[in-house]
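What follows is each chain in one-letter form.
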Amino acid sequence: MHKPDTYNAARADISLASARRHAGDHTTAEELAIRALAVMVRLDSRHQQAHAHDVLVAIYEESGDNDLAERHRASASALRSTSPEAIGSRSEQRPDGGT
């Protein structure tokens, strides 16, 4: 039986959330981004957490919720300042050691 790849499924949800946002479906976009963010927190993927926060920033800015947008912007910034990319690594490794 095929074992689900939660990391790549969550990455796909982040991309789908962005696409749904561009299509104007902020409700579905928000649900997908929050679900993906929770998975990336569990997997400790700071880089992908930052991407999910970025999508949420755009959703909340477009819907006029500047307070939530700013909170997610600050979270994304904090994650980037402590991520391997910020420290010097050019590519992210999956939390399970894969690429």
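Everything here concerns the structure above.
Each chain carries its own residue numbering, running from 1 in the direction its sequence is written. Given that the model is predicted, a residue must reach a pLDDT of at least 70 before its local features are reported, and side-chain atom pairs must reach 80 or more before they are shown or counted; all residues, however, enter totals for whole chains, interfaces and linings. Based on all heavy atoms of the structure, the side-chain values leave hydrogens and waters out of the count.

A. Region of interest: the environment of Asp 67. Looking at the element boundaries, Asp 67 is found in helix H4 (residues 66–82). Remark: the alpha-carbon pair of Asp 67 and Val 57, spanning ten residues in sequence, is separated by 9.8 Å. Numbering of helices and strands runs from the N terminus; a helix is a DSSP stretch of H or I covering at least four residues, while a strand is a stretch of E covering at least two.

B. Representation of the nonpolar core within the structure. In terms of nonpolar packing, the biggest core is built from 17 residues, with Val 55, Leu 56 and Ile 59 touching the most fellow members. For this core, the secondary structure elements donating two or more residues are helix H1 (6–22), helix H2 (26–43) and helix H3 (46–62). Broken down by element, the residue count for this core peaks at seven residues, all from H2. It only takes one pair of heavy atoms within 4.5 Å for two residues to be counted as in contact. In this structure Leu 56 touches Glu 30, Ala 33, Ile 34, Leu 37 and His 72, once residues within four positions along its chain are discounted. What we call a nonpolar core is a set of buried Ala, Val, Leu, Ile, Met, Phe, Trp, Tyr and Cys residues that are connected through their side-chain atoms within 4.5 Å. Burial status follows relative accessibility: with a 1.4 Å probe on protein chains alone, a residue under 20% of its type maximum counts as buried, one over 50% as exposed, and anything between as partly exposed.

C. A look at H4. Given a rise of 1.5 Å per residue, 17 residues ought to cover 24 Å, and the 25 Å separating the end C-alpha atoms of H4 matches this to within 8%. Of all the positions in H4, only Ala 69, His 72, Ala 76 and Leu 79 are classed as buried. Here the buried residues of H4 occupy an arc of 95° about the axis, which is enough to place them on one side. Among the exposed residues of H4, those oriented more than 90 degrees off its buried face are Asn 66, Asp 67, Arg 71 and Ser 81. Along its buried surface, H4 packs onto H3. By this rule the span expected of a helix is its residue count minus one, scaled by 1.5 Å. As used here, the arc belongs to the directions running from the helix axis to the C-beta atoms.

D. Inspection of the environment of Glu 31 at higher detail. Tracing the chain through its elements places Glu 31 in helix H2. Here Glu 31 falls in the exposed class, since its relative accessible area comes to 52%. Placed 18 residues apart in sequence, Glu 31 and Asp 13 show a C-alpha to C-alpha distance of 9.5 Å.

E. Local environment of the packing of H2 against H3. Convention adopted: a line fitted to C-alpha atoms gives each axis, helices being fitted over their contacting stretch, and angles between N-to-C directions are expressed from 0 to 180 degrees. Between H2 and H3, whose axes approach to 9 Å, the crossing angle comes to 155°. The orientation of H2 with respect to H3, classified from their angle, is roughly antiparallel. Crossing angle aside, the handedness with which H2 passes H3 is left-handed. From H2, His 26, Ala 29, Glu 30, Ala 33, Ile 34, Leu 37, Met 40 and Val 41 reach across to H3, where they touch Gln 48, Gln 49, Ala 52, His 53, Val 55, Leu 56, Ile 59, Tyr 60 and Glu 62. In this count, Pro and Cys sit with the nonpolar residues alongside Ala, Val, Leu, Ile, Met, Phe, Trp and Tyr, while Asp, Glu, Lys and Arg are called charged and the others, Gly among them, polar. Here the contact of H2 with H3 is built from residues that sort into eleven nonpolar, four polar and two charged. These descriptions rest on fixed angle ranges, namely under 35 degrees for roughly parallel, over 145 for roughly antiparallel, 65 to 115 for roughly perpendicular, and the rest for oblique. Less than a right angle of anticlockwise turn of the near helix away from the far helix marks a crossing as left-handed, whereas a clockwise turn marks it as right-handed.

F. The arrangement of the side chain of His 72 in detail. Here His 72 shows up in helix H4. Of the polar contacts made by the side chain of His 72, one reaches the side chain of His 53; its length is 2.8 Å. With residues near it in sequence (within four places) discarded, His 72 still touches His 53, Leu 56, Val 57 and Tyr 60. Side-chain atoms alone can form a polar contact between residues adjacent in sequence; in general such a contact is a pair of N or O atoms within 3.5 Å, and within protein one must be able to donate a hydrogen while the other accepts it.

Fair warning: the whole summary comes from geometry, so function is off the table for now.
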